Amino acid sequence: MKELHPDLKRIIISSESIQTRVSEIANNISKDYADKKNIYIIGILKGAFIFLADLTRELSVPHVVDFMAVSSYGKTATSSGAVRIMMDLREPIEGKHVLIVEDIVDTGHTLNYLHRTLKGRKPASLQTCVLLQKKRESQKVPIHYLGFDIPDVWVVGYGLDYADGYRTLPFIAELKPKIYKRTTESTDPGNK
Ligand code: PRP
């Protein structure tokens, strides 16, 4: 067995468990949208790109993929700050069946902002699909499809990053607190 990268404390969700859950979610979405002509799937960059790629390839219903990038000004480990759109959709979504795909809900600010903003563009329906959720009392987020509840620790891999590193790890792992508490940059382990 390969050694875990020294910056990582433990694997929280294995690659196999992720793939199994992603298939289950894709089946549920395919069933729920079976009578719809097309799903307009919106991946939220950067974190959702791997989840979105795996999920959409398992769907058996017609869909198109688009992307948005958002950024949180003043984000810290416990707060998202103000959310703003860095890259918007290519097309209007009025009258479309829209599904937002996110990698993680932490404080819930990002998904709440996106839900509110996209609802205002008058889609025929608007649902959300989230791989990971850190459950918090204060959260009031509409999540229609959820992969896993996770503990309140810094997680990386399968799209999630720390300082833009670790995103392409095939599993979800907990980052050692000393890594995100220190000021110098850490080393990206790539796919090891
Ligand atoms: C992460 C994640 C969500 C958001 C969740 O994005 O992808 O969009 O934070 O946090 P919240 O529930 O507290 O709002 P991030 O800003 O790290 O950007 P990235 O996806 O480009 O890594």
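Scroll up to find the structure.
This report concerns the structure included in the present document.

Regarding the overall build of the protein
Within the protein, the secondary structure is distributed over four helices and nine strands. Counting only residues that meet the buried cut, the protein has 46% of its 192 residues in that class. Within the protein, counting contacts between residues at least 6 apart in sequence, those at least 24 apart form 64% of the total. Here the protein has roughly 10200 Å² of accessible surface; of this, 52% comes from carbon and sulfur atoms.

As for the packing of helix α1 (residues 15-32) against helix α2 (residues 49-56)
The N-to-C vectors of α1 and α2 enclose an angle of 60°; their axes lie 9 Å apart at closest approach. In terms of orientation, α1 and α2 fall into the oblique class. For the crossing formed where α1 meets α2, the hand is right-handed. Taken together, the residues of α2 that come into contact with α1 (itself represented by Q19, V22, I25, A26 and I29) are F51, D54 and L55.

Some thoughts on α1
Relative to the 26 Å expected for 18 residues at 1.5 Å per residue, α1 spans 26 Å between its end C-alpha atoms, a close match to the ideal helical length. For α1, the set of buried residues is I18, V22, I25, A26, I29 and S30. The buried residues of α1 occupy one face: seen down the axis, they fall within an arc of 135°. Opposite the buried face of α1, by more than 90 degrees, sit the exposed residues E16 and K31.

What about the sheet that holds strand β1 (residues 8-13)?
Pairing within the open sheet is antiparallel, and its three strands lie in the order β1-β9-β8. Here the strands that pair on one side only, and so sit at the sheet edges, are β1 and β8 (155-156). Bridge analysis of β8 against strand β9 (residues 172-175) gives two bridges, and the strand direction is antiparallel. The residue of β9 that forms the bridge with V155 is E174.

Reading guide: rules and limits
Residues numbered from 1 in each chain as written. Predicted model: local features only at pLDDT ≥ 70, side-chain atom pairs only at ≥ 80, totals over all residues. Heavy atoms only, no water. Helix = DSSP H or I, 4+ residues; strand = E, 2+ residues; numbered from the N terminus. Buried < 20%, exposed > 50% of the residue type's maximum accessible area, 1.4 Å probe, protein only. Contact = heavy atoms within 4.5 Å. Areas by Shrake-Rupley, 256 points an atom, 1.4 Å probe, with all protein chains shown as cover. Axes fitted to C-alpha atoms, helices over the stretch in contact; angles between N-to-C directions. Parallel < 35°, antiparallel > 145°, perpendicular 65-115°, else oblique. Left-handed = near helix turned anticlockwise from the far one by under 90°. Expected span 1.5 Å × (residues − 1). Arc of directions from axis to C-beta. Pairing = 2+ DSSP bridges.

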